[in-house]
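If you want the building blocks of each chain, they are given just below.
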Amino acid sequence: MSQPRFQVLPGGSPVAASAAVVEPMAFQDRCVEAYEASQVARGFSPVTMENGAGVLARFLRACGKPAWEVSREDVDRVVGELAEQGLAASTRRGYVQAFKGFFAFLLARKAAEIEASFGVRLVDPLDEFNAARHVADDSPRVPVPPSRERCVEFFDFLKERVATSRKYAAAGRDYALFRTLYFAGLRADEAASLDRCDLYFDRGPFGKIHVRFGKAAKTSGPRPRWVPMLDGLDLILRWYVEEIRPRLTDGPALFCDEGGGRIHRGTIRNRLRYLQDLEGKDTLERFSPHTLRHACATHNYERGVDLVAIQQMLGHWHVGTTMRYVTPSATFIEDAYRRAVTDVLTGLEGDGDGD
């Protein structure tokens, strides 16, 4: 009978190899579960965790090996394959960010166990040459937000659907949802995570939305913020919670699907695409939920709202990020000049009246 082989683990205690064998993919699955548990502890929203888990799983599957064996060349290969599939720069960045967060967890929590079990010393495969850059850094195409006139046209269309649609509650939800994305500048997943209790109509002069699961930077936990209900959004949301929401299935979610489940950000994107199909607009006149966020930043900036105020409303860490969201119209300089000249002339006329 063959004798069992032995291996020496850190600390010098010999154990039979058969007892020390760990199946790599099973161990990785346990690491993913532990990583998700740490996200719960940090307060990540269920929507964020669900989306991140799917992206991470697809990236690891594309690598074809355990995370601790992934090399820089593997990352380059997988990202290159994603590019060949036609995935946008922002989508590719999301894949790399998901893997980056998981690998950082392995370095912090599992490095000694991985070296003991598999003989691999963890080395971060992400460097300055393959770390994901910001959206559109490698693409000249910057999303142009819909004009103010285009937004008015779209919301008039939604308002007409509320009056004529056979599914009154769904049409009313669509109107309130996309008005909220535009007037409050929310991300789709932030709107999806809202509960009815997050609306504070008596807070401040306009009422405020408590965005408890605001996006944070560098895989940290959520960054909550308060967003005022500007431009009559308070009236729209009051109408929605009093007239429309009770007609939908009961539950805590502010915006839910027709089955009563919390609406998903992918559903929001698909719903907007469906509505624009019904509207019958040309491709060049269409926009995404995130482009409505750009429109919020741009239109507020054009009418003179302070850039720092817009930064706080959108929940950006740096004002430079907010500035990238602002795409002024072709006549922005001329319009600003006319306003300045008008203000000066008005001031001079006021001084003359006092003489």
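Note: the structure precedes this text.
Residues numbered from 1 in each chain as written. Predicted model: local features only at pLDDT ≥ 70, side-chain atom pairs only at ≥ 80, totals over all residues. Heavy atoms only, no water.

Enquirer: Can you walk me through the overall build of the protein in this structure?
Expert: For the protein, the helix and strand inventory stands at 14 helices and five strands. In the protein, which comprises 355 residues, the proportion classed as buried is 40%. A sequence separation of at least 24 residues applies to 64% of the contacts in the protein between residues at least 6 apart. A total of about 19500 Å² of accessible surface is found on the protein, and carbon and sulfur atoms cover 54% of it. (Helix = DSSP H or I, 4+ residues; strand = E, 2+ residues; numbered from the N terminus. Buried < 20%, exposed > 50% of the residue type's maximum accessible area, 1.4 Å probe, protein only. Contact = heavy atoms within 4.5 Å. Areas by Shrake-Rupley, 256 points an atom, 1.4 Å probe, with all protein chains shown as cover.)

Enquirer: Is there a simple way to explain the packing of aromatic side chains in this structure?
Expert: Each aromatic ring pair is described using two quantities: the centre-to-centre distance and the angle formed by the ring planes. Per the counting criterion, the structure on display carries 15 aromatic pairs. Ring geometry for Phe-27 and Phe-118: centres 5.5 Å apart, planes at 65°, overall edge-to-face. In this pair, Phe-27 is assigned in helix 2 (residues 24-42) and Phe-118 in helix 5 (residues 89-118), connecting sequence segments 91 residues apart. On the numbers, 5.2 Å between centres and 85° between planes, the contact of Phe-154 with Phe-287 is edge-to-face. A residue pair is termed long-range when its members are at least 10 positions apart, and Phe-154 in helix 6 (residues 148-164) and Phe-287 in the loop between helix 10 (265-279) and helix 11 (289-302) qualify at 133 residues. One exposure class covers both Phe-154 and Phe-287, and it is buried. (Phe/Tyr/Trp six-rings, centres within 6.5 Å; stacked < 30°, edge-to-face > 60°.)

Enquirer: So what exactly am I meant to see when it comes to the sheet that holds strand 3 (residues 199-200) here?
Expert: Where strands meet in a sheet, backbone hydrogen bonds hold them as pairs that are either parallel or antiparallel. In space, the three strands of this open sheet follow the order 3-4-5, with antiparallel pairing throughout. Strand pairing shows two members of the sheet lacking a second neighbour, strand 3 and strand 5 (225-228), which therefore form its edges. Bridge count for strand 3 against strand 4 (residues 208-211) is two bridges, and the pairing is antiparallel. Bridged to Leu-199 within strand 4 is Ile-209. (Pairing = 2+ DSSP bridges.)

Enquirer: What is the right way to read the nonpolar core from this model?
Expert: Considering soluble globular proteins, one finds that nonpolar side chains tend to be buried as a cluster. Residues Phe-178, Ile-209 and Phe-255 are the most contacted members of the largest nonpolar core, which totals 51 residues. Of all elements in the fold, only helix 6, helix 7 (168-184), helix 8 (188-192), strand 4, helix 9 (233-244), helix 10, helix 11 and helix 12 (307-314) reach the threshold of two or more residues within this core. For this core, the element with the most residues is helix 7, which contributes 10 residues. If sequence neighbours within four positions are ignored, Ile-209 has contacts with Thr-180, Ala-184, Leu-194, Asp-198, Leu-199, Arg-225, Trp-226, Val-227, Met-229, Leu-233 and Leu-237. (Core = buried A, V, L, I, M, F, W, Y, C linked by side-chain atoms within 4.5 Å.)

Enquirer: I would appreciate a short explanation of a positive patch on the surface in the present structure.
Expert: Together, Lys-215, Arg-265, Arg-269 and Arg-273 give the surface a local cluster of positive charge. With respect to the helices and strands, the residue Lys-215 is situated in the loop between strand 4 and strand 5. (Patch = residues over 30% accessible without salt bridge, like charges linked within 9 Å, V, L, I, M, F, W, Y side chains within 5 Å. Salt bridge = Lys/Arg side-chain N within 4 Å of Asp/Glu carboxyl O. Lys, Arg positive; Asp, Glu negative; His and termini not counted. Charge placed at Lys NZ, Arg CZ, Asp CG, Glu CD.)

Enquirer: I keep staring at unusual backbone geometry and nothing clicks. Help me out?
Expert: Negative phi is the rule for most residues except glycine; trans is the rule for most peptide bonds. Positive phi values are uncommon outside glycine, yet Asp-231 reaches one of about 60°. Relative to the elements of secondary structure, Asp-231 occurs in the loop between strand 5 and helix 9. For Asp-231, a relative accessible area of 40% puts it in the partly exposed group.

Enquirer: Help me understand the pairing of strand 4, please; the structure alone is not making it clear to me.
Expert: Regular strands place side chains that alternate from one sheet face to the opposite one. Taken together, the four bridges between strand 4 and strand 5 define a ladder with antiparallel strand orientation. Paired with Val-211 across the strands is Arg-225, a residue of strand 5.

Enquirer: Can you help me understand helix 7 in this one?
Expert: Residues separated by three or four positions in an α-helix point in the same direction, a consequence of the helix having 3.6 residues per turn. In a regular helix each residue adds 1.5 Å, so 17 residues correspond to 24 Å; helix 7 covers 24 Å between its end C-alpha atoms and thus fits that length. With respect to burial, helix 7 is a largely interior element, 16 of its 17 residues being buried. Where helix 7 ends, the next residue or the one after it, Gly-185, has phi of about 70°, a positive value. (Expected span 1.5 Å × (residues − 1).)

Enquirer: When you look at the packing of helix 6 against helix 10 in this model, what are you seeing that I'm missing?
Expert: In a packed pair of helices, the relevant descriptors are the angle between the two axes and the axis-to-axis distance. One way to put it is that helix 6 packs onto helix 10 with a least axis distance of 11 Å and a crossing angle of 90°. With respect to helix 10, the element helix 6 is oriented roughly perpendicular. When helix 6 is examined against helix 10, the residues Arg-150, Glu-153, Phe-154, Phe-157, Leu-158 and Arg-161 are found in contact with a partner set consisting of Arg-271, Leu-272, Leu-275, Gln-276, Leu-278 and Glu-279. Of the residues assigned to the contact of helix 6 with helix 10, the class counts are six nonpolar, one polar and five charged. (Axes fitted to C-alpha atoms, helices over the stretch in contact; angles between N-to-C directions. Parallel < 35°, antiparallel > 145°, perpendicular 65-115°, else oblique. Nonpolar A, V, L, I, M, F, W, Y, C, P; charged D, E, K, R; others polar.)

As far as function goes, none of this settles anything; it's purely spatial.
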